[in-house]
Amino acid sequence: MAVDLENLVSQMTLSEKAALCTGASRWTTTPLQHLGIPELLCADGPHGLRRLPDINAVGSASLPATAFPTASCLASSWDVELVDQVAQALAEECIAQHVDMLLGPGVNMKRSPLGGRNFEYFSEDPFLSGEMAVHYINSLQARGIGTSLKHFAANNQEYQRFNISAEIDERTLREIYLPAFERAVKEAQPWSVMCSYNKVNGLLASQHGYLLNDILKQEWGFEGLVVSDWGAVRERVAALRGGLDWEMPGPMPRRVNALVAAVRSGELDEALLNESVRRILRIVFKAHETPKGGDFDVEAHHRLAQKAASEGMVLLKNNGILPLKTPQHIAVIGRAAEQAHFQGRGSSFINPTRVAVPFNELQARAGAAELTYAEGYPTDNSFNQELIDQAVAQAKTADVAILYIALPGFKESEGYDRQDLDLTAQQVALIQAVSQVQPNSVVVLNNGAPVLMGAWLDGVAAVLEAYMMGQAGGAAVADILFGRANPSGKLAETFPLKLEDVPAQGNWPGNLGAVHYGERLYIGYRYYDLKHMPVLFPFGYGLSYTTFAYSSARASASIFKDVDGLTVSVDVTNTGALAGKEIVQVYVHDLAASLDRPYKELKGFAKLELQPGETKTVSIRLNFRAFAFYNPRYRQWITENGQFDILIGASSADIRQTLSVTLQSSVELPCILDRESSLVEWLEDPRGRQVLGGLYDEIEVGLGKYYGGGRIGNYMEMIKNNPLYTVLIRAEKFLSKNADELLAEFLEQVHKLP
Ligand code: GLC
């Protein structure tokens, strides 16, 4: 039903409009019955519904809902169709529980594996994160349930998250920290975007006009509403002026009054308030179109959660012990075998409909095998040798030992970052001791982000990264261990060899109110490529129970125009004895650019299932942005003529096929030469070269005499990067005019050229 928003706004009093821009409760908008404006109810996300029975209660248990794998696990599936299915299930649960908008997905970059909230985020790579977000949002919203893309922007750590300033240069912001948001807004139009708590370059995200108005709403065309993170607003009027439409949580009468007073005093243009009201009304009525109630298929969603976990888990090491043959005695070790560790702490904490207990799931698949259990490690960070001794005693006589190792909640959570990448000392000692007596030791990890393994990896037979695997993860682990499922996940983040190798180290977590993103574009694999640094497990890595070969890579053209894009294809063959799924990754390498660029960047991927011996062709489209980089001087994404390599790989460190192509750029760049432009910038700009004309040669000859006698090695090399003005000053003695006259002439001429 079309709603005449303008008419509605015109009927609303100033107080009603201000009230609409402030939460009526912790989770709802302000309804206005006399105008037929309903309330909208939102709830967390992102990997399960956290709907409180009493929307004003804080801390009470939420209604039972399916706990799906968290984002770091889901992203490791690289399966966008799976994300569609999970999002559909989330929508069904929202409808059943009368929730209009789910607060997710979180798409912040994993700048450091120490980030306490990394379990809630997809990746260190903006392309993979963007793909996941687009599918999550489109699938949820296709069923009439809204989403809230979060946290905009640069929530990459928990330390001082309420006010630390993320100091990020424009190019890094555009190429690394915004693209996942940009893709999601442009290709999925989330009903809302949630601002982050932190500052970006000194300004609170909740009142960041450049981010919220200029980029999000104007440049990207965002049509929904901007909601604050809970408690993120400091100054309501500044926030509304900066593009923050809906402050949460409510109720906050004094904030309503502040808006009213600001309009009445003329401090705030009522037109801005009306724009926020329109944005909120549009979403409230959109939400209202979706009938709510009924129930959802608990079992079907549990099975989907299991499938998602199975697809997202990553087999990191396997000496052949997996899949388990028919062990007669299995030593099951670790608390996480009995107390499934399947989600993270904080606002995303779900009350699961049921939990698959890993031990029981193993027992159900182990046939006649005898299973023993040893707790292995305590719930706290204490050291208990007796628990280790018990585990060793059982492992010694078993055929295989399976260690369920969960990174404890006191190590990683929303609200605080990790201080190290270690498991607990007890867990390390446990794995070492067990693997010393039992060569067939398999480690199953439940963690939200990378952990170090150097102290024990060589001694174990296999490692399965199960991440925060969701409520059904225990069954998925058992299926993989017994070969009922062939692992197909690949890492969406790098596992470093040691904390010192992490690019953000040295700029983490910041101090004096700021954290400087000194590594710039070089986070994750971009950094390790730059440094040619070895890692424990690379981005895009994951083992299968079968093997795959790549062949016959080809491109739709060897020379192409940027706006036409390119399609690259490759044949993939299952060369093993088991059916399996492979994730093909396509990276782009720019051989020469006017600015520094990461060696390669992920710009496409596909996941495909292959039967033994089967071959399929994968084709991936690369568009303009696959080749472009952001130039802050031109304030736009640009391409440059030249050669690119298309790297097709099974991981970022396992490139199987390479294609060389040549791009023809269609980008018309404005002339930005100014008084400070260097000699080489004048020469690289065709218009600048035209205006300088033969003067360059005069300068070279003239200065050659001046610097003659070998006193300067290569004087043109010395001066070419200096401002043209300073070169003219030195050359004045043999030029007809002085530097000021010449430069003024050149600038006037060059800006007149087309
Ligand atoms: C939290 C989180 C945000 C969540 C919101 C509501 O502080 O930062 O992700 O959606 O508050 O619980």
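Residues numbered from 1 in each chain as written. Predicted model: local features only at pLDDT ≥ 70, side-chain atom pairs only at ≥ 80, totals over all residues. Heavy atoms only, no water.

Some details on unusual backbone geometry
What counts here: Per the convention used, a helix needs a DSSP run of H or I reaching at least four residues, while a strand needs a run of E reaching at least two, with both numbered from the N terminus.
Cis geometry is found at the peptide bond from Lys150 to His151, where omega equals -5°. As for its placement among the helices and strands, His151 is situated in strand β3 (residues 146-152). With omega at -5°, the peptide bond leading from Leu322 into Pro323 counts as cis. Looking at where Pro323 falls in the secondary structure, it is placed in the loop between β9 (314-318) and β10 (329-333). A positive phi is found at Asn201, a non-glycine position, where the angle reads about 50°. Here Asn201 lies in the loop between β6 (199-200) and β7 (203-204). The phi dihedral of Arg520 falls on the positive side, at around 55°, and the residue is not glycine.

Description of the site of the ligand
Put simply, the test is: Whether a residue is near a molecule or strand is decided by its heavy atoms; if any one of them lies within 4 Å of it, the residue is near. Think of a polar contact as two N or O atoms within 3.5 Å of one another; within protein, one of them needs to be a possible hydrogen donor and the other a possible acceptor, and neighboring residues in sequence only count if both atoms come from side chains. All accessibility values rest on the Shrake-Rupley procedure with a 1.4 Å probe; residue burial counts only the protein chains present in the view. Charged residues are taken to be Asp, Glu, Lys and Arg, nonpolar residues to be Ala, Val, Leu, Ile, Met, Phe, Trp, Tyr, Cys and Pro, and polar residues to be all remaining types, Gly included.
Taken together, the neighbourhood of the ligand is formed by 14 residues, with Asp44, Arg117, His151, Tyr197 and Asp229 sitting nearest. One of the side-chain nitrogen or oxygen atoms of Glu414 is found 3.3 Å away from an oxygen atom of the ligand. Surface burial for the ligand is 94%, taken as the share of its 310 Å² of free accessible area covered by protein chains. Along the lines of polarity and charge, the residues of the shell around the ligand split into five nonpolar, two polar and seven charged.

Things to note about the nonpolar core
Defined as follows: Nonpolar cores are built from buried Ala, Val, Leu, Ile, Met, Phe, Trp, Tyr and Cys residues. Side-chain atoms within 4.5 Å join them into one set. For each residue, the accessible area found with a 1.4 Å probe, counting protein chains only, is set against the maximum for its type, and the residue is called buried under 20%, exposed over 50%, and partly exposed in between. An automatic or database domain assignment supplies the start and end points of every domain. Here, residues are in contact when the closest pair of their heavy atoms is within 4.5 Å.
By size, the foremost hydrophobic cluster in this structure holds 207 residues, and its most contacted members are Phe152, Leu281, Ile333, Tyr404, Met453, Trp456 and Leu481. Ranked by residue count, the leading element in this core is helix α4 (residues 80-96), at 10 residues. Looking at this core, you find at least three residues from each of domain 1 (309-531) and domain 2 (548-664). Apart from residues lying up to four places away in sequence, Tyr404 is in contact with Val332, Ile333, Gly334, Arg335, Ala336, Ala337, Pro358, Leu362, Tyr377, Val444, Val477 and Leu481. Residues Val568, Leu622, Phe627 and Val661 belong to the second largest nonpolar core, which totals 26 residues.

A few points about the pattern of salt bridges
Quick note on the threshold: By convention in these notes, a salt bridge is any Lys or Arg side-chain nitrogen within 4 Å of a carboxyl oxygen on Asp or Glu.
Inspection of the entire model under this criterion finds 47 salt bridges. Here Glu493 ties to Lys110 by a salt bridge, and the two come within 3.6 Å at their closest N and O atoms. Taken together, the positions of Glu493 in the loop between α16 (473-481) and β15 (514-516) and Lys110 in the loop between β2 (101-103) and α5 (126-141) put the pair 383 residues apart, joining distant regions of the chain. Here Glu493 falls in the buried class, since its relative accessible area comes to 3%. Given a relative accessible area of 4%, Lys110 falls into the buried group. Note that Asp571 and Arg554 form a salt bridge whose closest N and O atoms lie 3.1 Å from each other.

Here we look at α16
With nine of nine residues buried, α16 is to be regarded as a mostly interior element. For α16, the complete set of buried residues consists of Gly473, Gly474, Ala475, Ala476, Val477, Ala478, Asp479, Ile480 and Leu481. Those residues of α16 hidden inside the fold are in contact with α12 (298-312), α13 (358-365), β12 (400-406), β13 (441-446) and β14 (462-465). Looking one or two places after α16, you find Gly483, whose phi comes out positive at around 80°.

Regarding the packing of helix α23 (residues 724-731) against helix α24 (residues 739-750)
The test is simple: Helix axes use the C-alpha atoms of the stretch in contact, all axes being lines fitted to C-alpha atoms, and the angles between their N-to-C directions lie in the range 0 to 180 degrees. Note that the term roughly parallel is reserved for angles under 35 degrees, roughly antiparallel for angles over 145, roughly perpendicular for angles of 65 to 115, and oblique for everything else. The hand of a helix crossing depends on one turn: near helix anticlockwise from the far one by less than a right angle means left-handed, and clockwise means right-handed.
At a minimum axis distance of 9 Å, the contact between α23 and α24 shows a crossing angle of 140°. Viewed along their axes, α23 and α24 adopt a mutual orientation that is oblique. Here α23 and α24 pass one another in a crossing that is right-handed. Side by side, α23 and α24 meet where Leu724, Tyr725, Leu728 and Ile729 of the first sit next to Ala739, Asp740, Leu742, Leu743 and Phe746 of the second. Looking at side-chain class alone, the contact of α23 with α24 contains eight nonpolar, no polar and one charged residues.

Considerations on the domain arrangement of the protein chain
Here the domain parsing of the protein chain yields domain 1 (309-531), domain 2 (548-664) and domain 3 (679-750). Computed over C-alpha atoms, the centres of domain 1 and domain 3 are 62 Å apart.

What about the sheet that holds strand β18 (residues 566-574)?
The criterion, for reference: Note on pairing: DSSP must find at least two bridges between two strands before they are called paired.
In space, the three strands of this open sheet follow the order β16-β18-β21, with antiparallel pairing throughout. The open sheet has two edge strands, β16 (548-555) and β21 (615-622), and neither has a second partner. Across the sheet, the axes of successive neighbouring strands diverge by a mean angle of 25°, strand direction being ignored. Bridging between β18 and β21 involves eight bridges; their strand directions are antiparallel. Bridged to Leu566 within β21 is Leu622.

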